[in-house]
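Here's the letter readout for the chains.
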Amino acid sequence: MKRILVLGGYGGFGARLSRRLAEDGFEVLVAGRNLESAKALAARLPHAIALQADRNGDITAILGEHRPFLLIDAAGPFQDSDQRVPRACLEAGIHYIDLADARDFVGAIGSLDEEAKAAGVTIISGASSVPALSGAVVAALAKNMEEVRSIEMSISASNRATAGASVAAAILSYVGKPVRLWRGRHWQDATGWHMLKRETYAVSGHRALRRLVALADVPDHDLLVDSFAGRPSVIFRAGPEFAFQTLALWLLSWPVTWGWLTSLRKISRFLLPLQRLTARLGTARSAVAIEIKGIEQGTMKARRWTLIAENGDGVEIPTLPAQLLARALRDCRLSPGARHAGRLLSLEDFRGLFRDLAVAEETKEAPYMPLYQRVMGPAFAHLSEPVRAMHEVFGDGGARGEAVVTRGRSPLARLVAKIFGFPAAGKHALHVSFEETNGIEEWTRDFSGQRFQSHLSEENGHLVERFGPFRFAFDLPIGGNGLSMEMRHWSFLCIPLPRLLAPQSIAREWAEDDRFHFDVPIALPLIGPVVHYRGWLQPIE
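Predicted model only: the values in this text are computed from it and were never measured. (Residues numbered from 1 in each chain as written. Predicted model: local features only at pLDDT ≥ 70, side-chain atom pairs only at ≥ 80, totals over all residues. Heavy atoms only, no water.)

The next point concerns the overall build of the protein chain. The helix and strand tally for the protein chain stands at 16 helices and 28 strands. Computed over the C-alpha atoms, the radius of gyration of the protein chain is 27 Å, within 12% of the 24 Å expected from 2.2 N^0.38 for a compact globule of 541 residues. Counting only C-alpha atoms, the protein chain reaches 85 × 45 × 45 Å along its principal axes. Per-residue burial for the protein chain yields a buried fraction of 55% across its 541 residues. (Helix = DSSP H or I, 4+ residues; strand = E, 2+ residues; numbered from the N terminus. Rg over C-alpha atoms; globule rule 2.2 N^0.38 Å. Buried < 20%, exposed > 50% of the residue type's maximum accessible area, 1.4 Å probe, protein only.)

Here it is as structure tokens:
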């Protein structure tokens with residue numbers, strides 16, 4: 001009988017994992033700082049022994065005395081952890097797995113690879129919902145795709161799945177802090193627990209869930225970018241069951257963002273009791289959704305995998321990767337070395353365990369037609385390749401180039417330009433990010449660090465561009481090897497405005513020297529020129 005030492009073996013996830021391992025026939029050493037809690041759980045499991053151990057201390061003596069075949073670290077949090085536990089395992093010749101979801105910790109595990117191979121030891125980090133399960137699902141969704149443009153993931157936990165102190169500390173470690181994301185074909189910073197989104201989780205035959213989720217920092221933000229052709233953008237969000245909980249944490253994030261607080265970690269001891277007060281409210285339903293957008297045989301396709309867990313079984317899911325990997329180690333199916341768990345398991349591996357849980361999952365696929373193609377119809381195919389490529393926006397994309405900006409000189413022109421966030425006059429390095437969501441495109445134009453955004457959609461055969469409360473509807477007639485944008489009507493807060501007062505602008509796009517060129521003049525009646533920007537762009541591969 002093989003012996004496994006589980007650090008944090010009586011905790012929220014550790015206790016479930018210890019039970020699963022015992023059911024698989026392993027002898028389980030339930031370890032943690034509280035010996036009484038370890039004894040209480042060990043007494044309920046077959047072939048289990050309680051031990052006192054601190055993952056932040058020296059566990060060398062315990063490893064030498066009990067000689068487990070494998071150590072699984074389910075204690076956490078891993079956000080500020082060093083590598084003392086995996087290194088102790090490596091030196092003792094003991095395999096190691098953890099349930100870490102800390103971006104830096106999981107990403108750094110490969111630094112032990114050569115030593116692990118030399119010692120004949122397997123070191124695996126991230127055997128949890130991310131990156132193990134998420135990696136398996138994305139790999140299944142991306143099958144047969146020549147290029148992946150974007151990956152969006154979210155998890156929403158049941159309110160009855162009370163988070164432990166380590167989970168709360170992990171979340172609070174990045175709330176309000178910069179989170180590095182690959183978006184628009186370049187690295188940029190977002191803010192932890194911002195980018196709020198209302199997510200719908202739907203599986204046929206089950207009542208749908210609608211939850212508010214926010215940006216979380218996970219290893220997938222690094223690991224998945226270089227794992228697929230196309231270098232997709234990656235965004236992971238998470239949230240509790242109740243929207244007011246997500247919003248409360250969002251509000252608390254602002255003092256960190258403004259620099260008034262260094263972190264929210266110190267308030268975790270206050271948040272946990274508050275969460276427990278509402279633990280009996282809500283449902284026992286959790287959900288996961290993963291959507292990828294990519295190209296298969298020249299066709300744009302979106303594939304979405306959704307899982308809904310009933311009866312409180314959602315809290316079992318983070319423990320499944322470690323159980324599967326422990327089985328693989330027992331059966332000698334994992335080679336020595338140190339790596340993350342993101343590509344070690346398949347979705348079919350998980351389905352074998354899903355059958356014993358109140359879990360339903362479903363994958364849906366839908367083709368996609370780019371916005372400009374929907375508006376222009378057959379004429380879109382007659383555009384020159386550089387112009388057409390710039391408007392084949394799906395999921396995520398980006399382009400870079402140069403622009404020259406001139407600005408109106410009157411005080412009113414300068415005021416309007418400031419309100420809309422138009423760039424300063426001069427020559428600029430230009431980067432444009434394209435993000436498509438539900439057929440609506442968000443364009444973020446970055447002129448030497450000065451950004452302004454607009455949203456583009458289709459309405460009654462027109463291209464509609466929205467700047468805040470203003471909406472402008474355009475026709476897109478072909479001219480030469482490109483197109484022009486001719487305004488037909490405009491509105492403020494959806495209230496139609498007179499054409500006589502409309503901005504005077506006919507933007508042009510064309511191809512020259514295999515580059516996409518643009519010329520956008522904007523003027524207002526009685527005010528005159530406001531801004532004029534022109535230049536070129538090339539898609540970033």
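From this point, the discussion proceeds with the structure in view.
Another aspect to go through is the nonpolar core. For soluble globular proteins, the rule of thumb is that nonpolar side chains tend to be buried together. Counting 74 residues, the largest nonpolar core has Ile 4, Leu 21, Ile 72, Ile 97, Ile 151 and Trp 305 as the members making the most contacts within it. With residues up to four places along the chain from it excluded, the contact list for Ile 4 reads Leu 21, Phe 26, Glu 27, Val 28, Leu 29, Pro 68, Phe 69, Leu 70, Ile 72 and Ala 326. Core analysis: the next-biggest nonpolar cluster, separate from the first, contains 43 residues, Val 432, Leu 463, Ala 511 and Val 530 among them. (Core = buried A, V, L, I, M, F, W, Y, C linked by side-chain atoms within 4.5 Å. Contact = heavy atoms within 4.5 Å.)

Examined against the element boundaries, Thr 319 turns out to sit in the loop between strand E14 (299-309) and helix H12 (320-330). Each C-alpha atom, one on Thr 319 and one on Ala 142, is 24 Å from the other, the two residues being 177 residues apart in sequence. Not counting the four nearest positions on each side in its chain, Thr 319 is found in contact with Phe 13, Arg 16, Leu 17 and Arg 20.

Time to look at the UniProt feature "domain: Saccharopine dehydrogenase NADP binding" (unreviewed entry) in the protein chain. The positions that UniProt labels "domain: Saccharopine dehydrogenase NADP binding" (unreviewed entry) are, in the present scheme, residues 4-124. For residues 4-124, the helix share is 40%, the strand share is 21%, and the end-to-end C-alpha distance is 15 Å. (UniProt positions renumbered as here; feature names shortened; annotations may be inferred.)

Strand order in the open sheet formed by seven strands is E10-E11-E12-E7-E13-E14-E16, and the pairing between neighbours is mixed. Edge positions in the open sheet fall to strand E10 (197-201) and strand E16 (359-367), since each of these has one partner strand only. Across the sheet, the axes of successive neighbouring strands diverge by a mean angle of 25 degrees, strand direction being ignored. Pairing of strand E7 (residues 147-156) with strand E12 (residues 233-239), which is carried by seven bridges, proceeds in the parallel orientation. Looking across to E12, one finds that Ser 156 is bridged to Gly 239. On the sheet, helix H7 (residues 129-141) packs against E7, E12, strand E13 (286-296), E14 and E16 and is oriented at approximately 40 degrees with respect to E13. (Pairing = 2+ DSSP bridges. Axes fitted to C-alpha atoms, helices over the stretch in contact; angles between N-to-C directions.)

Size it by volume and the second largest pocket reaches roughly 650 Å³. Glu 465, Phe 467, Val 520, Ile 522 and Tyr 533 are, among the 33 residues lining the second largest pocket, the residues nearest its centre. If you tally residues by element for the lining of the second largest pocket, the top one is strand E27 (residues 515-524), at five residues. (1 Å grid on protein atoms, 1.4 Å probe; cavity = no way out; pocket = protein on both sides within 12 Å on 5 of 7 lines; lining within 4 Å. Points joined across faces, edges and corners; volume = space filled by probe spheres on them.)

In this section: a negative patch on the surface. A surface patch of like charges, here negative, comprises Glu 385, Glu 392, Glu 512, Asp 513 and Asp 514. Here Glu 512 shows up in strand E26 (residues 506-512). Judged by relative accessible area, Glu 512 falls into the partly exposed class, the value being 38%. (Patch = residues over 30% accessible without salt bridge, like charges linked within 9 Å, V, L, I, M, F, W, Y side chains within 5 Å. Areas by Shrake-Rupley, 256 points an atom, 1.4 Å probe, with all protein chains shown as cover. Salt bridge = Lys/Arg side-chain N within 4 Å of Asp/Glu carboxyl O. Lys, Arg positive; Asp, Glu negative; His and termini not counted. Charge placed at Lys NZ, Arg CZ, Asp CG, Glu CD.)

Within the UniProt annotation, "domain: DUF4166" (unreviewed entry) is assigned to residues 383-537. Across residues 383-537, helical content stands at 10% and strand content at 62%; the span's end C-alpha atoms are separated by 16 Å.

Time to look at the packing of H12 against helix H13 (residues 347-354). Helix packing for two helices is described by the angle between their axes and how far apart those axes are. Where H12 contacts H13, the two axes come as close as 10 Å, and the packing angle between them is 105 degrees. On the basis of the axis angle, H12 is roughly perpendicular to H13. Of the residues in H13, those in contact with Leu 320, Pro 321, Gln 323, Leu 324 and Arg 327 of H12 are Asp 349, Phe 350, Leu 353 and Phe 354. When grouped by side-chain class, the residues that make up the contact of H12 with H13 number six nonpolar, one polar and two charged. (Parallel < 35°, antiparallel > 145°, perpendicular 65-115°, else oblique. Nonpolar A, V, L, I, M, F, W, Y, C, P; charged D, E, K, R; others polar.)

Our focus in this paragraph is the pattern of salt bridges. Applying the stated criterion across every chain yields a total of 38 salt bridges. The closest approach of N and O atoms between Lys 301 and Glu 296, which form a salt bridge, is 3.0 Å. Accessibility assignment for this pair places Lys 301 and Glu 296 in one class, buried.

Judged by how many residues are buried, E12 sits mostly within the fold: seven of seven residues are covered. A two-sided burial pattern is seen for E12, the buried positions comprising Ser 233, Ile 235, Arg 237 and Gly 239 on one face and Val 234, Phe 236 and Ala 238 on the other. Here strand E11 (residues 209-215) pairs with E12 via two bridges, running antiparallel. Counterpart to Leu 215 in the pairing with E12 is Arg 237.

So, about the sheet that holds strand E3 (residues 48-52). Adjacent strands of a sheet form backbone hydrogen bonds with each other and so pair up, either parallel or antiparallel. In space, the seven strands of this open sheet follow the order E3-E2-E1-E4-E5-E6-E15, with parallel pairing throughout. Single-partner strands in this sheet number two, and they are E3 and strand E15 (337-340). Across this sheet, the average inter-strand angle for adjacent strands is 15 degrees, counted without regard to direction.

Now for the packing of helix H1 (residues 12-23) against H12. The contact between H1 and H12 brings their axes to 10 Å, and the two run at 30 degrees. Taken together, H1 and H12 sit at an angle that is classed as roughly parallel. Relative to H12, H1 is oriented so that their crossing is right-handed. Each of Leu 17, Arg 20 and Leu 21 in H1 lies in contact with H12, whose residues at this interface are Leu 320, Ala 322, Gln 323 and Ala 326. (Left-handed = near helix turned anticlockwise from the far one by under 90°.)

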